[in-house]
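Chains, contacts and geometry: an overview
For reference, the chains in residue letters:
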Amino acid sequence: MKILVTGGAGFIGSHLCKALLKKGHEVICFDNFSTGSNEKINDIKNQIELIEGDCNTDDLKKAFQNNIDIVFHYAATVGVKRTQEKPMSVFDDIIGIRNILELSYQNKVKKVIFASSSEIYGNPKEMPEKEDGIIDPIQPYAGVKLIGEQLMETYHNKFNLNTCSLRFFNVYGSNQISNAYGFVTGKFINQVLSGKNPTVYGDGSQSRTFTYIDDNINMSLIAMESESTNGQVINIGSDKEISILDLAKKIIKSCNSDLEPVFVERENYDIVDKRCPDTTRMKKLLNYETKFSLNQGLSKTIEWFKSNK
Ligand SMILES: NC(=O)c1ccc[n+]([C@@H]2O[C@H](COP(=O)([O-])OP(=O)(O)OC[C@H]3O[C@@H](n4cnc5c(N)ncnc54)[C@H](O)[C@@H]3O)[C@@H](O)[C@H]2O)c1
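In what follows, the accompanying structure is described. Since the structure is predicted, the reported quantities are computational estimates derived from the model, not experimental observations. Each residue is numbered by its place in its chain's sequence as written, counting from 1. Where totals are concerned, whole chains, interfaces and linings use all residues; where local detail is concerned, this predicted model gives features only for residues with pLDDT of at least 70, and gives and counts side-chain atom pairs only at 80 or more.

In the vicinity of the ligand lie 28 residues, with G7, G10, T35, G36 and A76 positioned nearest. The helix count covers DSSP runs of H or I at least four residues long, the strand count covers runs of E at least two residues long, and both are numbered beginning at the N terminus. Every element with two or more residues in the shell around the ligand is listed here: α1 (11–22) and β5 (111–117). The element that contributes the greatest number of residues to the shell around the ligand is α1, accounting for three residues. The residue makeup of the shell around the ligand, split by class, is 13 nonpolar, 13 polar and two charged. Residues are classed as near a molecule or strand if the C-beta position derived from their backbone is within 6 Å of it. Residue type decides the class: Asp, Glu, Lys and Arg count as charged, Ala, Val, Leu, Ile, Met, Phe, Trp, Tyr, Cys and Pro as nonpolar, and the leftover types, Gly among them, as polar.

Now the structure itself:
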C-alpha cells in the first residue's frame with residue numbers, strides 16, 4: 001500500500017516509516033523538520049518519498065497527489081515544556097488535523113490513524129486510566145489531542161472515513177530527541193552517560209509507565225491492519241508503573257554507574273502525579289501485550305545512546 005506518515009522524520013514517525021518499508025509498503029514521509037531531523041531517516045532516504053512541508057498549510061496537498069491508501073498523522077508540536085511555551089503553535093495543529101481529515105476524505109483514503117496522547121487524562125481522577133473514563137485535558141496540547149480524537153470520530157461516523165485514535169503513553173527508545181525539551185528516559189540516560197547526576201523533579205515519587213518503541217510500532221501496525229479498530233480510541237502503552245526516582249536508579253544501574261539522583265524543584269507545568277493506562281481495550285482490539293520489559297528496552301536504548309553520543 002501507499003502510506004503517508006506525517007511527522008515521519010520524528011522519533012516515532014521514523015521508526016514507523018522503517019517498519020512499513022520492512023512490510024513492503026511504499027512510504028511518503030512528510031515533515032516540517034521542526035523537531036524531526038534528517039539523521040533519523042538517513043538510512044532510508046533512498047527508499048521513501050520525502051516531502052518537506054507543514055501540515056497546517058496547503059503543503060499537504062502535495063502528499064495527497066500520490067493516491068494514498070493509509071495516513072498516519074503523527075506530526076504535532078510535542079514536549080511538555082515546548083507546548084507550554086508555544087501554546088499558539090500547539091493550537092495551529094488543529095488546522096493540520098482538519099486538513100488531514102478533509103484531504104483523506106476527498107481522496108478516499110482507506111484509514112487514518114491519529115497519534116493522540118495520555119495527556120488527555122490530565123492529573124488522573126481514577127486509576128488505571130480508561131478510554132471512556134474521566135478525562136481532564138488541562139494543557140493546550142491535551143485539548144488539541146482531544147479535538148483531534150473528536151474530529152476523527154466525526155469523520156468516521158458522518159463521512160464513513162475509517163479512523164482510529166491511539167492514546168500513546170510515554171514512548172522511549174532510539175532516535176528520541178534528548179535536548180532540554182527531551183523526554184525523561186533520554187534525559188536521564190544522557191546525564192548518566194555524561195557523568196552527571198540525573199536530576200529528579202520533586203521527591204521523584206510521581207509515577208509513569210514506559211513503552212518501548214518497538215511495542216508502540218507493533219501496535220500502530222496492528223491498528224492499521226485491523227478492522228476492529230475503526231472508529232475507536234485506544235490506550236497504547238505498558239501498565240507497569242514506576243516512580244521517576246526508581247527510573248533514575250534503574251538507568252544508573254543499567255549504565256553500570258555509581259552516580260546518585262539529585263533532587264530539584266518541580267517545574268510548575270509538571271503537575272501529573274500518576275499515569276497508568278487501562279489496557280483492556282488494547283489487549284482486546286489489538287490482541288497485543290507489550291513484549292519488552294523496561295530492563296530490556298532500557299538496555300537497548302542505552303546501547304543506542306552510547307553509540308550515538
Ligand atoms: N513520544 C511520546 O512518548 C508520545 C506520547 C504521546 C503522544 N505522542 C504523539 O506521537 C507523535 C509523534 O511524537 P514523537 O515523540 O515522535 O515527537 P517528534 O517531535 O520526534 O515527532 C514529531 C514530528 O512531527 C514534525 N512536525 C511537527 N509539526 C509539524 C507540522 N505542522 N507539519 C509537519 N511536520 C510537523 C516534527 O518535525 C517531528 O518530526 C506526536 O503526535 C505526539 O503528540 C508521543
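Text resumes after the structure shown.
The subject of this paragraph is the sheet that holds strand β4 (residues 70–73). Pairing within the open sheet is parallel, and its seven strands lie in the order β3-β2-β1-β4-β5-β6-β11. Each edge of the open sheet carries a strand with a single partner, namely β3 (49–52) and β11 (232–236). Here the strands of the sheet are splayed against their neighbours by 20 degrees on average, with no regard to which way each runs. By the bridge criterion, four bridges tie strand β2 (residues 26–31) to β3 in an arrangement that is parallel. Within the sheet, the bridge partner assigned to F30 lies in β3 and is I51. Strands pair, by our definition, only if DSSP identifies at least two bridges between them. Lines fitted to C-alpha atoms define the axes, with helix axes restricted to the stretch in contact, and inter-axis angles between N-to-C directions lie between 0 and 180 degrees.

A few words on the pairing of β5. Here β5 lies mainly inside the structure; seven of its seven residues are buried. To sort residues by burial, count the other C-beta atoms lying within 10 Å of each one's C-beta; a count of 20 or more means buried, 12 or fewer means exposed, and anything in between means partly exposed. C-beta atoms are built from the backbone. Burial along β5 is two-sided: the residues K111, I113, A115 and S117 and V112, F114 and S116 are all buried. Sheet topology places β4 next to β5; four bridges connect them, and they run parallel. Counterpart to F72 in the pairing with β5 is I113. Summarising the sheet, β5 and strand β6 (residues 163–168) pair through six bridges and their orientation is parallel. Considered in β6, the bridge of F114 is made with S165.

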